[in-house]
Amino acid sequence: ASMPPFNPATLSGSFISLVQEHLKDNQARTHLENLLSQADSVDTENIEGEVVLFAGKNDDVIPLKWKQKVSHHYRAKLYTVEGGHNLMLGKGWKAVADLLAQEVIE
């Protein structure tokens, strides 16, 4: 679930609102707000090597539109795969890992 190359907290409240709608617990909402307010922007000038991005088709945290912008920004391939936000923690983690390994080896 690739983050955008900018601090999401600097965006309008739409991102936080989107996520908060899916978080039922007030403590989780507060924790998210704290994390986003402390997040640093990605220093894209110091990335070495090829960038490959993966997006879960059912990710309710980071919208696909953002991931497409990130992909364009990095000039990177974007794979959409089955799963949600935490792709490596879901049932389909092995398929994602295999795809990543294939991409790295090629």
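What you see is a predicted model; the values in this text were computed from it and never measured.

Visitor: Would you mind showing me how to read the overall build of the chain here?
Guide: Within the chain, the regular secondary structure consists of four helices and two strands. Ordered by position from the N terminus, the helices and strands of the chain form the series α-α-β-α-β-α. Considering only contacts in the chain between residues 6 or more positions apart, those separated by 24 or more positions represent 69%. Summed over all atoms, the accessible surface of the chain reaches about 7,400 Å², with 52% contributed by carbon and sulfur.

Visitor: Looking at this model, I keep getting lost on the packing of aromatic side chains. Mind explaining?
Guide: Two measures describe an aromatic ring pair: the distance that separates the ring centres and the angle between the ring planes. Counting across every chain of the model gives one aromatic pair. The interplanar angle of 20° and the centroid separation of 5.5 Å between the aromatic rings of Phe 54 and Tyr 79 together place this pair among those described as stacked. Here the residue Phe 54 occupies a position in strand E1 (residues 52-56), and Tyr 79 occupies one in strand E2 (residues 77-81), the gap between them amounting to 25 residues.

Visitor: What should I look at first to understand the side chain of Ser 71 in this one?
Guide: As for its position among the elements, Ser 71 is in helix H3 (residues 64-74). Look at Ser 71 and you get buried, because its relative accessible area is 10%. Beyond its immediate chain neighbours, meaning those up to four positions away, Ser 71 contacts Leu 53, Ala 76, Lys 77 and Leu 78.

Visitor: Just checking my understanding: could you explain unusual backbone geometry for this structure?
Guide: Peptide bonds are mostly trans, and most non-glycine residues show a negative phi. If you check the backbone angles, Arg 75 has positive phi at about 55° while not being a glycine. Looking at the secondary structure, you find Arg 75 in the loop between H3 and E2. What makes Arg 75 exposed here is its relative accessible area of 75%.

Visitor: Hey, could you run me through the pairing of E2 in this one?
Guide: Every other side chain in a regular strand lies on the same face of the sheet, so the side chains alternate between the two faces. In this sheet, E2 lies alongside E1 in parallel orientation, the contact comprising five bridges. Counted as the bridge partner of Gly 56 is Val 81 from E2. Since E1 and E2 lie parallel, the crossover through H3 that links them has a hand, and here it is right-handed.

Visitor: Would you explain the nonpolar core in this entry?
Guide: Core analysis: the biggest nonpolar cluster contains five residues, these being Val 52, Phe 54, Val 81, Leu 87 and Val 96. Setting aside chain neighbours within four positions, we find Val 52 in contact with Ala 76, Lys 77, Tyr 79 and Glu 103.

Visitor: Just checking my understanding: could you explain the pattern of salt bridges for this structure?
Guide: If charged atoms from side chains of opposite charge come close, those side chains can pair. The tally for this structure, following the rule as stated, stands at three salt bridges. Where Asp 98 meets Lys 94, a salt bridge forms, and the shortest distance between an N and an O atom there is 3.3 Å. In this pair, Asp 98 and Lys 94 are both assigned in helix H4 (residues 93-105), four residues apart and thus about one turn of the helix distant. Since its relative accessible area comes to 40%, Asp 98 is described here as partly exposed.

Visitor: How should the confidence of the model for the chain be read in this particular structure?
Guide: In regions of low pLDDT, the predicted coordinates are not meant to be interpreted in detail. Taken over all residues, the pLDDT of the chain has a mean of 77, while the share at 70 or more is 74%. Of all the helices and strands in the chain, helix H1 (residues 14-22) carries the lowest mean pLDDT, 64, while E2 carries the highest, 89.

Cut-offs used in this document
Residues numbered from 1 in each chain as written. Predicted model: local features only at pLDDT ≥ 70, side-chain atom pairs only at ≥ 80, totals over all residues. Heavy atoms only, no water. Helix = DSSP H or I, 4+ residues; strand = E, 2+ residues; numbered from the N terminus. Contact = heavy atoms within 4.5 Å. Areas by Shrake-Rupley, 256 points an atom, 1.4 Å probe, with all protein chains shown as cover. Phe/Tyr/Trp six-rings, centres within 6.5 Å; stacked < 30°, edge-to-face > 60°. Buried < 20%, exposed > 50% of the residue type's maximum accessible area, 1.4 Å probe, protein only. Pairing = 2+ DSSP bridges. Right-handed = clockwise from strand over helix to strand, strands pointing away. Core = buried A, V, L, I, M, F, W, Y, C linked by side-chain atoms within 4.5 Å. Salt bridge = Lys/Arg side-chain N within 4 Å of Asp/Glu carboxyl O. pLDDT = per-residue confidence, 0-100.

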